[in-house]
Amino acid sequence: MLDFLKPPIQTFQDFVLVSSRALGNVFRRPHYNSDIFQQMDIIGVGSLPITSMVGWFSGIVMALQMSRALTTYGAESRVGEIVSITLVRELGPVLTALLVAGRNASGMASELGSMKVTEQIDAMRALGTDPSQKLVTPRLIASATMLPLLTIIADCIGMIGGYFVASTQLGLTSSEYWTSAWQVLEYNDLAQGLIKPFAFAIIIALVGCFYGIRTSGGTQGVGRATTNAVVWSSLWIIVINTLITQVFVNF
Amino acid sequence: MGTDSSIVRFEDVSLHFGDTPALDHVSFEMGAGETRVVFGAAGSGKTMLLKVAVGLQKPDSGRVFLFGQDITHLSEERLFDLRARVGILFQEGALFDSLTIADNVAYPLENQRILQTVGAGSEQRSIEERVVETLRFVELEQTLDKFPSELSGGMRRRVGIARAVVTQPELELYDSPTAGLDPITAHTIISLILKERDTRNTATIIVTHRYQDGQLMANFRYNPNSGEIEAAPRGSEETVDTKFLIMQAGRLVFEGTEPEFLACTDEYVRKFARPGAS
Ligand SMILES: Nc1ncnc2c1ncn2[C@@H]1O[C@H](COP(=O)(O)OP(=O)(O)OP(=O)(O)O)[C@@H](O)[C@H]1O
Ligand SMILES: [Mg+2]
């Protein structure tokens, strides 16, 4: 009767299996360092331009939106606070993660998917390499280190964007803007601003690799895997974001 | 290792994908230095036979022995040691397309070094030498720094052979090494396989669609003096130790030497026993 639930439960079970194996491998030899650095370059350096742009424009948009509301209360000097809190808590982590999901979860799924359908993953196993250790774990480590860094950069550039609006349109001085922007941040904000990208990075790498290595059915299968990877990693990012926010709000 | 001297042994092995049987109660055995030529229609389970033999695919039932060891339920980690003694040419080549030809051929060697965690340095040098030597064996030493996508199909097949033989394994599995190649290149590839088999007396399983490949495997041998392949005398080791296996819809419908194969009256088997069959 509940047969329709079977495939998703089975998929989730497989996902847990693949994930626990990849996470366990972080603490197990051998480590493929050159693969880790290569992935760091692809994920970190490769995503830097686009995440900077997004940070910049979201800072500007936040400042513009808020300046109107704040002016009605004569509180436009507090625009720095609002920009920095929204960026650090929400927009920075979530937007960066969604971009990196679109860019890299899809990249991982299609790369591993092509390797799967061309028997390269079987060849790897035949030659004595654990595909999880060689392919999944480096992507996991690279994402988990690079996404928090990218988020910090996006946050900072966003705040500069906010300052650009505050100084040109609201006539705030540099110290008025930056003092309020810095002082409003508490440990709570910084903690969730860093825990979020860390968690999102794990989602991106595991979901992307998971759909990659379970690809079947030729080129079409690779396409499906890529779509699934982006859709599900984005969805999980939004869900987990809500959960983490809920936890921090209660502190 | 016990008293079991077989290299590969299947005991009533079955494997299903949904309702399709990929392997249906297959049993056979081969000893050291022997050759098996596997024929069968598309989808008859030839590739699965090879994958199950090295534990890349677990059977649903039955038992599989590799080098005398029961691998039916062996964990992936434990299988790595056994697989290091096997060379495999995959049907589609399965070269790592992000690595150069040299790195592809070096991969099994590097990997064995990583797993044994031996110090680098002095080892590095000999890996390079062995890679060049092996690529010379397949006559491709000029392609070291190219990527697989820059080579022709026949060249990629030869790189695949180089990667399979570089570790000097005791067992070689070749999945359709001549499929889709012109007769001349196909002949070159079978000559390479004979050369590998006869210089080190490697146990060999070859899956093929070409009648001629089986003829060559059964009746020819590599002559190290002339560097050419030549007809093996009747009754010599090569002809006696070569058996033909015919697969049909997952079942092993025939197993026997070449004369038995040619004399077989079964209609399906006879389709593979005449020149020009595909
Ligand atoms: N991953 C898979 N999922 C589902 N079915 C599979 C899978 N791999 C193989 N099969 C099925 O198993 C059977 C045997 O396949 P196998 O690849 O061994 O055939 P083959 O004899 O090598 O054929 P070919 O000559 O075309 O290479 C086929 O019916 C195939 O459809
Ligand atoms: Mg096949």
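Above this text is the structure in question.
Presented here is a report on the structure given in the accompanying data block. Computed from a prediction, not measured in an experiment: that's the story for all the values here. (Residues numbered from 1 in each chain as written. Chains lettered and ligands numbered in written order. Predicted model: local features only at pLDDT ≥ 70, side-chain atom pairs only at ≥ 80, totals over all residues. Heavy atoms only, no water.)

Once that is clear, we can look at empty space enclosed by the protein. Applying the stated rule across the entire model yields three cavities of 30 Å³ or more. What the largest cavity holds in volume is close to 70 Å³. A:Glu119, B:Thr47, B:Leu50, B:Lys51, B:Val54, B:Leu56, B:Ile88, B:Leu89, B:Phe90, B:Gln91 and B:Asp175 are the residues that line the largest cavity. A total of three residues in the lining of the largest cavity trace back to one element, the largest contributor, which is helix H1 (residues 46–53) of chain B. Among the residues making up the lining of the largest cavity, the classes are represented as six nonpolar, two polar and three charged. (1 Å grid on protein atoms, 1.4 Å probe; cavity = no way out; pocket = protein on both sides within 12 Å on 5 of 7 lines; lining within 4 Å. Points joined across faces, edges and corners; volume = space filled by probe spheres on them. Helix = DSSP H or I, 4+ residues; strand = E, 2+ residues; numbered from the N terminus. Nonpolar A, V, L, I, M, F, W, Y, C, P; charged D, E, K, R; others polar.)

Residues and elements named next belong to chain B. On the protein side, the magnesium ion (ligand 2) has Thr47 (OG1) and Gln91 (OE1) as donor atoms, found 1.8 to 2.2 Å from it. In this pair, Thr47 is assigned in helix H1 and Gln91 in the loop between strand S6 (86–89) and helix H3 (101–116), connecting sequence segments 44 residues apart. Classification of Thr47 as buried rests on a relative accessible area of 18%. (Donors = N, O, S within 2.8 Å, 3.2 Å for Na, K, Ca; no water. Buried < 20%, exposed > 50% of the residue type's maximum accessible area, 1.4 Å probe, protein only.)

This part covers the pattern of salt bridges. Residues and elements named next belong to chain A. Inspection of the entire model under this criterion finds 24 salt bridges over all chains. A salt bridge links Asp130 to Arg21; its shortest N-O distance comes to 3.1 Å. Of this pair, Asp130 sits in the loop between helix H4 (120–126) and helix H5 (131–169) while Arg21 sits in helix H1 (residues 6–25), placing them 109 residues apart in sequence. Look at Asp130 and you get buried, because its relative accessible area is 12%. (Salt bridge = Lys/Arg side-chain N within 4 Å of Asp/Glu carboxyl O.)

All names here are of chain B. If you check the shell around ligand 1, you find 13 residues, and the closest are Gly43, Lys46, Thr47, Met48 and Gln91. Lys46 is positioned such that a nitrogen or oxygen atom in its side chain is 2.7 Å from an oxygen atom of ligand 1. For ligand 1, an oxygen atom lies 2.5 Å from a polar atom in the side chain of Thr47. The element contributing the most residues to the shell around ligand 1 is H1, with three residues. In terms of residue class, the shell around ligand 1 is built from five nonpolar, seven polar and one charged. (Near = heavy atom within 4 Å. Polar contact = N/O pair within 3.5 Å; in protein donor to acceptor, adjacent residues only side chain to side chain.)

A few words on helix H2 (residues 76–83) of chain B. Every buried residue belonging to H2(B) is among B:Glu76, B:Leu79, B:Phe80, B:Leu82 and B:Arg83, and all of these are buried. Buried residues along H2(B) sit in contact with H4 of chain A together with strand S4 (61–66), strand S5 (69–70) and S6 of chain B. (Contact = heavy atoms within 4.5 Å.)

Right, let's get into the nonpolar core. Within the largest apolar cluster, 76 residues are counted, with the highest numbers of intra-cluster contacts made by B:Val8, B:Phe10, B:Leu23, B:Leu66 and B:Leu171. Here this core gets 10 residues from one element, more than from any other, and that element is helix H7 (residues 187–213) of chain A. Excluding anything up to four places from it in sequence, B:Val8 contacts B:Phe28, B:Glu29, B:Met30, B:Ala53, B:Phe65, B:Leu66 and B:Leu171. (Core = buried A, V, L, I, M, F, W, Y, C linked by side-chain atoms within 4.5 Å.)

Moving on, we come to the side chain of A:Arg139. Residue and element names in this part refer to chain A. Within the fold, Arg139 resides in helix H5. We classify Arg139 as buried; its relative accessible area is 4%. Within the local environment of Arg139, its side chain forms a polar contact with the side chain of Glu111, the two groups lying 3.0 Å apart. Once you skip the residues sitting within four places of it in the chain, Arg139 turns out to touch Gln39, Ile43, Met108, Glu111, Leu112, Ala205 and Cys209.

Residues and elements named next belong to chain B. For the coordinates displayed, the defined rule picks out 15 aromatic pairs over all chains. Among the aromatic residues, those joined into a cluster by ring pairs are Phe39, Phe244, Phe254, Phe261, Tyr268 and Phe272. Positioned above the aromatic ring of Phe67 is the side chain of Arg85, whose terminal nitrogen or guanidinium carbon lies 4.0 Å from the ring centre. Above the face of the Phe96 ring, Arg163 is positioned so that its terminal group lies 4.9 Å from the ring centre. (Phe/Tyr/Trp six-rings, centres within 6.5 Å; stacked < 30°, edge-to-face > 60°. Lys NZ or Arg CZ within 6 Å of the ring centre and 35° of its normal.)

All names here are of chain B. Strand order across the open sheet formed by six strands is S6-S7-S8-S3-S11-S12, with mixed pairing between neighbours. Here the strands that pair on one side only, and so sit at the sheet edges, are S6 and strand S12 (251–256). Each strand of the sheet is rotated relative to its neighbour by a mean of 15°, with strand direction disregarded. By the bridge criterion, five bridges tie strand S11 (residues 242–248) to S12 in an arrangement that is antiparallel. Bridging from a neighbouring strand, Gln248 pairs with Arg251 of S12. Seen against the sheet, helix H5 (residues 153–165) touches S6 and strand S7 (171–175) and runs at an angle of roughly 170° to S6. (Pairing = 2+ DSSP bridges. Axes fitted to C-alpha atoms, helices over the stretch in contact; angles between N-to-C directions.)

A separate point is the packing of helix H3 (residues 79–117) of chain A against helix H8 (residues 218–249) of chain A. All names here are of chain A. As a packed pair, H3 and H8 sit with axes 8 Å apart at the nearest point and diverge in direction by 155°. Relative to H8, the element H3 is oriented roughly antiparallel. Taken as a pair, H3 and H8 cross one another with a handedness that is right-handed. Residues that form the contact of H3 with H8 fall into these classes: 13 nonpolar, 11 polar and one charged. (Parallel < 35°, antiparallel > 145°, perpendicular 65-115°, else oblique. Left-handed = near helix turned anticlockwise from the far one by under 90°.)

Listed per partner, the contact involves 18 residues of chain A and 23 residues of chain B. The contact between chain A and chain B buries some 1800 Å² in all, and 54% of this surface belongs to carbon and sulfur atoms. When residues of chain A are sorted by the area they lose upon contact with chain B, A:Glu119, A:Arg125 and A:Leu127 head the list and together hold 34% of the total. Where chain A packs against chain B, one counts four salt bridges. The residue B:Glu77 makes a salt bridge to A:Arg21 at a minimum N-O spacing of 3.2 Å. Within the side of chain A that touches chain B, the residues separate by chemical class into seven nonpolar, four polar and seven charged. (Buried area = accessible area lost by both parts, 1.4 Å probe.)

Nothing here speaks to function; it is geometry throughout.
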